[in-house]
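Remarks on the overall topology
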Amino acid sequence: MFIGRRSLIAAGAGALVAAGLPHSFAATRELRLAAGPTRAKLVGDGHPATDVWAYNGAVPGPVLRFRQGERARIVVENRLPQPTSVHWHGLRVPNAMDGVPDLTQPPIAPGESFAYEFDLHDAGTYWYHPHANSAEQVGRGLAGAIVVEESQPPAVDRDLLWVLDDWRLDRGARIADDFGHPRDASHAGRMGNTVTFNGAVPDSLEVRAGERMRLRLVNVANARIFGLRLEGHAPYVIARDGQPVDPYPVRGGMIVLAPGERCDLIVDMHGEPGERFAVIDAFYPQAAYRLVELVYAASARGARAPAAPPARLPDNPWKRPDTSGARRERIVIEGGMMGGFRGARLDGRQLDARALFQQGKMWALNGEVAGDHHQMAPLLTLRRGESVVVELVNDSVWNHPMHLHGMFFEVLSLDGVAPPRREFRDTLTLGPRGRAETAFRADAPGDWMFHCHVLEHQDSGLMGIVRVT
Ligand code: C2O
Ligand code: CU
Ligand code: CU
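A quick note: this is a predicted structure, and the numbers were derived from the prediction, not measured. (Residues numbered from 1 in each chain as written. Chains lettered and ligands numbered in written order. Predicted model: local features only at pLDDT ≥ 70, side-chain atom pairs only at ≥ 80, totals over all residues. Heavy atoms only, no water.)

1. Concerning the coordination of the copper ion (ligand 2)
Within the protein, the copper ion (ligand 2) binds to H87 (NE2) and H403 (NE2); these donor distances fall in the range 1.9 Å. With a gap of 316 residues between them, H87 in strand 5 (residues 87–89) and H403 in strand 27 (residues 400–404) connect regions that are remote in the sequence. (Donors = N, O, S within 2.8 Å, 3.2 Å for Na, K, Ca; no water. Helix = DSSP H or I, 4+ residues; strand = E, 2+ residues; numbered from the N terminus.)

2. Here we look at empty space enclosed by the protein
In total, this model carries 5 cavities of 30 Å³ or more according to the counting rule given. Put simply, the largest cavity is a space of about 80 Å³. Contributing to the lining of the largest cavity are I331, L380, V390, L392, L404, F409, T438, F440, F450 and V466. When residues of the lining of the largest cavity are traced back to their parent elements, those giving at least two are strand 26 (387–395) and strand 31 (435–441). Its residues placed into classes, the lining of the largest cavity shows 9 nonpolar, 1 polar and no charged. Size it by volume and the second largest cavity reaches roughly 60 Å³. Around the second largest cavity sit V138, G139, D165, D166, W167, R168, I175, R190, N222 and A223, which together line it. Looking at the lining of the second largest cavity, the elements that each hand over two or more residues are helix 2 (134–139) and strand 9 (158–167). In terms of residue count, the dominant contributor to the lining of the second largest cavity is strand 9 (3 residues). Class assignment for the residues of the lining of the second largest cavity results in 4 nonpolar, 2 polar and 4 charged. (1 Å grid on protein atoms, 1.4 Å probe; cavity = no way out; pocket = protein on both sides within 12 Å on 5 of 7 lines; lining within 4 Å. Points joined across faces, edges and corners; volume = space filled by probe spheres on them. Nonpolar A, V, L, I, M, F, W, Y, C, P; charged D, E, K, R; others polar.)

3. Overview of the environment of F450
Mapped onto the secondary structure, F450 falls in strand 32 (residues 446–452). With relative accessibility at 6%, the residue F450 sits in the buried group. Sequence separation of F450 and T427 is 23 residues, and the distance between their C-alpha atoms is 9.5 Å. When neighbours within four sequence positions are excluded, F450 is seen to be in contact with I331, L365, L379, L392, M402, H403, L404, L462, M463, G464 and V466. (Buried < 20%, exposed > 50% of the residue type's maximum accessible area, 1.4 Å probe, protein only. Contact = heavy atoms within 4.5 Å.)

So, in structure tokens, the structure goes:
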């Protein structure tokens, strides 16, 4: 199957054309997203279509494209058999628009709608997904990419999105409905058996000799971490989680992308017409596989002059933390199997690990299991404008891509090593027994979620609140 730009544009065009609004600065762009059941051809010929849940009938959902500085009004209609909400992962939106049910809004009941409205302050690659019963709703297909274009985007021949997802399907290509299984919640999460690339099991992607591509990678899987190698190419990383970095080439290295994370790449297609190169996912070395093949079109095309390294993208307009004299906090992640978890508090009661497991709760942050959002005491309470250094300690043997809503944080160190260049994230993965130091400025008032983006971990307790007053 050919997964090219055309299918992406087709997926994205519906919503935007329907809005029918010409672009102008600070214009409000109106969109509708309906979440509901449909069928999708995930696995390809020879297999039946799969019953999925989707936005506007598409898996992944339509690409929401904006220009930096625009305003969005997005009416979400719930046609699912259960309550939902939409979270705009990575976008800095007012707290009431953040899409966390029972924290920032009431859940959207079946048959009802909710209008989200916010400004697009930051350029970059983001995504949207439900924040209610997340493991099942995202696991059945509800997720889509958001692209906010820079006012002066870098010159490239093509700007492509690779939305990576992972599904647990049975032999009839049906989604296994064992959502929230304790075996998944207490281990690595719901690992699937079928990886899709923009909503279908991919075969090859046609490229042209000499072109420069921007690739926007988004991992919307519940639990699978990707570790991509583009054989024969040296992509430059230009942004992580939508935030620019000093561009650096990934030579022979792996681009690691945990659930929730994004990575923007510039790739110069240095191959010759007719050549083929594999894109390998080798994050789990025992289970490495070819994700897709880059196939150079036979017709030669006048190659551009040898491309210089890409320039740094302009920074987004939010305030960097000031770590001198910042207060220090510590957040400890505990739980799961084989980690020596003894127990924690749930809704005000101290319970041992066994009693928690029996209630489907497997994880805690600073000794507190996420339960009823109304009763949760904040993990951190910060004054607006103050900077904080947060040490993250993974006292378990599992990977945890930890995600903060509402603000970007700087990575000061990971497992004791300072990153080679300044880097800001909304999601950072702690490996088994891993540690990190992060810093951010508490600029956005409200209650913000801080949680693991392995959705089975999130749903079984690995979530807390960061309060900015
Ligand atoms: Cu992408 Cu709280 O989530
Ligand atoms: Cu988020
Ligand atoms: Cu986790």
